[in-house]
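Per-entry structural report
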Amino acid sequence: MFIALGGGFAVQATQYSMGSAARMGPGYFPFWLGIVLALMGATVLMSALSPRAETTTISRYDFRILFLVVGSVFMYGFALRYLGLYISVFLLVLVSSYASHEFNWKVAVANGLFLVAFSYVAFIRGLGLIFPLWPSVLTN
């Protein structure tokens, strides 16, 4: 899967101007990202085919985990406008962390607080994106 997706992105990126490392064109980043993804896939494939590779079995598919993880992403998408970035990211982390078999409230809360701070620094301060930070009822 990684090889196919990475190769597909790299091939599609050649349709755009590449530029150089100093002056990147629109195809430069997707091309090299696709190459790195394909190389990672090749590494995983080679390690899986190695005689020393461990065999693993999956007992059953747990739909609860699927619904919690995918549902938390949908919840984030719908809640961002109304609850703001801080609460939405925190809820996303808490709900998706609950899907783990090794769930721990303290770790989930610490991870949520860290990702809220990281989201603020990276997206608001770093990239200058405009997101509502707090619930809309508090800002009006």
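Computed from a prediction, not measured in an experiment: that's the story for all the values here.

From N to C terminus, the protein chain includes 5 helices and 0 strands. Helices and strands in the protein chain line up, N terminus first, as α-α-α-α-α. Computed over C-alpha atoms, the radius of gyration of the protein chain comes to 20 Å, more than 25% over the 14 Å expected from 2.2 N^0.38 for 140 residues, which places it beyond the range of a compact globule. Along the longest, intermediate and shortest principal axes, the C-alpha atoms of the protein chain span 55 × 50 × 20 Å. Looking at the protein chain as a whole, 21% of its 140 residues are labelled buried. Carbon and sulfur atoms make up 71% of the accessible area of the protein chain, which amounts to about 10700 Å² in all.

To continue, consider the packing of aromatic side chains. Under the definition given, this model contains 8 aromatic pairs. Ring plane angle 70° and centroid distance 5.0 Å describe the contact between Tyr-61 and Phe-63, whose orientation is recorded as edge-to-face. Look at Tyr-61 and you get exposed, because its relative accessible area is 51%. By way of ring pairs, the aromatic residues Tyr-61, Phe-63 and Phe-67 are connected into one cluster.

To continue, consider the nonpolar core. Core analysis: the largest hydrophobic core is formed by 6 residues, namely Leu-80, Leu-85, Tyr-86, Val-89, Val-116 and Ile-124. Mapped onto this core, the elements with two or more residues apiece are α3 (63–97) and α4 (105–126). At 4 residues, α3 tops the list of elements feeding residues into this core. Leu-80 has contacts with Leu-85, Ser-88, Phe-131 and Pro-132, leaving out every residue within four places of it along the chain.

Looking at the element boundaries, Ser-88 is found in helix α3. Residue Ser-88 is classed as buried on the basis of its relative accessible area, which comes to 1%. Of the polar contacts made by the side chain of Ser-88, one reaches the backbone oxygen of Ala-79; its length is 3.3 Å. Within polar-contact distance, the side chain of Ser-88 engages the backbone oxygen of Gly-84 at 2.7 Å. Excluding anything up to four places from it in sequence, Ser-88 contacts Tyr-76, Ala-79, Leu-80 and Leu-83.

When you line up the elements, Ser-119 lands in helix α4. Looking at Ser-119, its side chain comes within polar contact range of the main-chain oxygen of Leu-115, at 2.7 Å. Setting aside its immediate chain neighbours within four residues, Ser-119 contacts Leu-85, Val-89 and Ile-124.

Okay, α4 next. With 22 residues, α4 should reach 32 Å at 1.5 Å per residue; the first-to-last C-alpha distance of 30 Å fits that figure. Looking only at α4, the buried set comprises Ala-108, Gly-112, Val-116, Ser-119 and Ile-124. In this fold, the buried residues of α4 make contact with α3. Of the residues that open α4, the one with a side-chain oxygen 3.0 Å from the backbone nitrogen of Lys-106 is Asn-104. Trailing α4 by a residue or two, Gly-128 shows a phi angle of about 70°, which is positive.

So, how was this worked out
- Residues numbered from 1 in each chain as written.
- Predicted model: local features only at pLDDT ≥ 70, side-chain atom pairs only at ≥ 80, totals over all residues.
- Heavy atoms only, no water.
- Helix = DSSP H or I, 4+ residues; strand = E, 2+ residues; numbered from the N terminus.
- Rg over C-alpha atoms; globule rule 2.2 N^0.38 Å.
- Buried < 20%, exposed > 50% of the residue type's maximum accessible area, 1.4 Å probe, protein only.
- Areas by Shrake-Rupley, 256 points an atom, 1.4 Å probe, with all protein chains shown as cover.
- Phe/Tyr/Trp six-rings, centres within 6.5 Å; stacked < 30°, edge-to-face > 60°.
- Core = buried A, V, L, I, M, F, W, Y, C linked by side-chain atoms within 4.5 Å.
- Contact = heavy atoms within 4.5 Å.
- Polar contact = N/O pair within 3.5 Å; in protein donor to acceptor, adjacent residues only side chain to side chain.
- Expected span 1.5 Å × (residues − 1).

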